[in-house]
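Working through the structure, step by step
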Amino acid sequence: MTAASDAPVLVGVGSEQDLTLVRLAAQEAAAFGRPLRLMHSFDWGEAFKAPSIAGPHDAAQDLLDRAVELAGKVDESLPVRGEIAEGSAVETLIRRSEAAFLVAVGDSGMSTRQPGCANPAQTPAVQVAARAGCPVLVARRDPPPEGPVLVGVDGSTGSRQALKWAFECAVRRTGRLVALRVVDRGHDENPEILAEIVASVADRQPAVPVECHTIRGTPDHVLVEQSRSAQVVVLAARGHHPGRGMIGSAVQSVLYHSPTPVIVVRGITPADSP
């Protein structure tokens, strides 16, 4: 998919806990020159159970108004619009992701194991990350550290697209990029392999400071540990098998356990760029 030049950053705003997400998504939208669309999914079934239908709807509108105001404080020139949509938040975000530049969702408390997150695989964040038609930003409840942009690279087409996205993130954050390749006992540990992959993309963004690290271990464990000091982690949805409706085990581990925001890159073709 090639995102249209006016394709928005689409944000799912479910509760006050998502206001941190709104701030982060607004920063992404402003950095990439994209409009911001804030969406709250409204459940009429639950509203009818309340003493007054107007009460839940007014609360939803108040939440959106606060989110719009917060986004405007990030960048006054950022085009921002809020919307109350009917139906499932997950299904609506997935459907609208086909015309979005980036979808942003909260992590539903995965990284801190908040109540209601007994099965991370069933959280809205994981469902959207697995099925969206564009890259997905999964934010955490706490602000990220001021570290590098970390990207996992395994040489696949998907990871090369993630690497391109990571370079763009580093440019817009005026930060450094750390490219990480994790190898097990059956793979070549030669650091030149990663260096050559990074060099094939780096010539597009020569001003970005880059570090390349090849580490022996399991991707799940290494990526989670290395992510703790990063401001954002960029990963392909599933490097060698980028089918819809799935994410790789390493991506799942980072989504479940890392305290850092994660961008899952999917839904773009090799010719696309952020």
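Just above, that's the structure.
This write-up is about the structure you can find in this document. (Residues numbered from 1 in each chain as written. Predicted model: local features only at pLDDT ≥ 70, side-chain atom pairs only at ≥ 80, totals over all residues. Heavy atoms only, no water.)

This next bit is on the packing of aromatic side chains. Counted under the stated rule, the structure contains three aromatic pairs. Ring geometry for Phe 32 and Phe 101: centres 5.3 Å apart, planes at 50 degrees, overall tilted. Separated by 69 residues along the polypeptide, Phe 32 in helix H1 (residues 19–32) and Phe 101 in the loop between helix H4 (89–97) and strand E4 (102–106) bring together distant segments of the chain. Of the residues examined, Phe 101 reaches a relative accessible area of 4% and is grouped as buried. An angle of 35 degrees between the planes, with centres 5.7 Å apart, marks the rings of Phe 32 and Trp 165 as tilted. Note that Phe 32 is positioned in helix H1 and Trp 165 in helix H6 (residues 157–173), a separation of 133 residues in sequence. Judged by relative accessible area, Phe 32 falls into the buried class, the value being 9%. (Phe/Tyr/Trp six-rings, centres within 6.5 Å; stacked < 30°, edge-to-face > 60°. Helix = DSSP H or I, 4+ residues; strand = E, 2+ residues; numbered from the N terminus. Buried < 20%, exposed > 50% of the residue type's maximum accessible area, 1.4 Å probe, protein only.)

With that settled, the discussion passes to the side chain of Asp 18. For Asp 18, the location among the structural elements is in the loop between strand E1 (9–12) and H1. One buried charged residue, Asp 18, remains without a salt bridge, the closest side chain of opposite sign being Arg 141 at 6.6 Å. Excluding residues that lie within four positions of it along the chain, Asp 18 makes contacts with Gly 12, Val 13 and Gly 106. (Lys, Arg positive; Asp, Glu negative; His and termini not counted. Salt bridge = Lys/Arg side-chain N within 4 Å of Asp/Glu carboxyl O. Contact = heavy atoms within 4.5 Å.)

Another point: the sheet that holds E1. The 10 strands are arranged E3-E2-E1-E4-E5-E10-E9-E6-E7-E8 in an open sheet whose pairing can be described as mixed. With one partner strand each, in any of the chains shown, strand E3 (80–86) and strand E8 (210–216) form the two edges of the open sheet. Sheet twist, expressed as the average angle between the axes of neighbouring strands with direction ignored, equals 20 degrees. Relative to strand E2 (residues 36–42), E1 runs parallel, the two sharing four bridges. When the bridges of E2 are listed, Gly 12 appears paired with Met 39. Along the sheet face, H1 touches E1, E2, E4, strand E5 (136–139) and strand E10 (262–265) and points at about 175 degrees away from the line of E1. (Pairing = 2+ DSSP bridges. Axes fitted to C-alpha atoms, helices over the stretch in contact; angles between N-to-C directions.)

Side-chain alternation along E1 places Val 9 and Val 11 on one buried face and Leu 10 and Gly 12 on a second face that is also buried. Since E1 and E2 lie parallel, the crossover through H1 that links them has a hand, and here it is right-handed. Across three bridges, the pairing between E1 and E4 is parallel. In the strand pairing of E4, Leu 10 is matched with Val 103. (Right-handed = clockwise from strand over helix to strand, strands pointing away.)

Scanning the entire structure with this criterion turns up nine salt bridges. Close ionic contact of Glu 168 with Arg 172 constitutes a salt bridge, the shortest N to O distance being 2.3 Å. With a gap of four residues between them, Glu 168 and Arg 172 both fall in helix H6, about one helical turn apart. Judged by its relative accessible area of 8%, Glu 168 falls in the buried class. The exposure class of Arg 172 is partly exposed, given its relative accessible area of 32%. Of the charged contacts in the structure, one is a salt bridge between Arg 176 and Glu 211, with a shortest N-O distance of 2.7 Å. Taken together, the residues Arg 176 in the loop between H6 and strand E7 (177–183) and Glu 211 in strand E8 connect sequence positions 35 residues apart.

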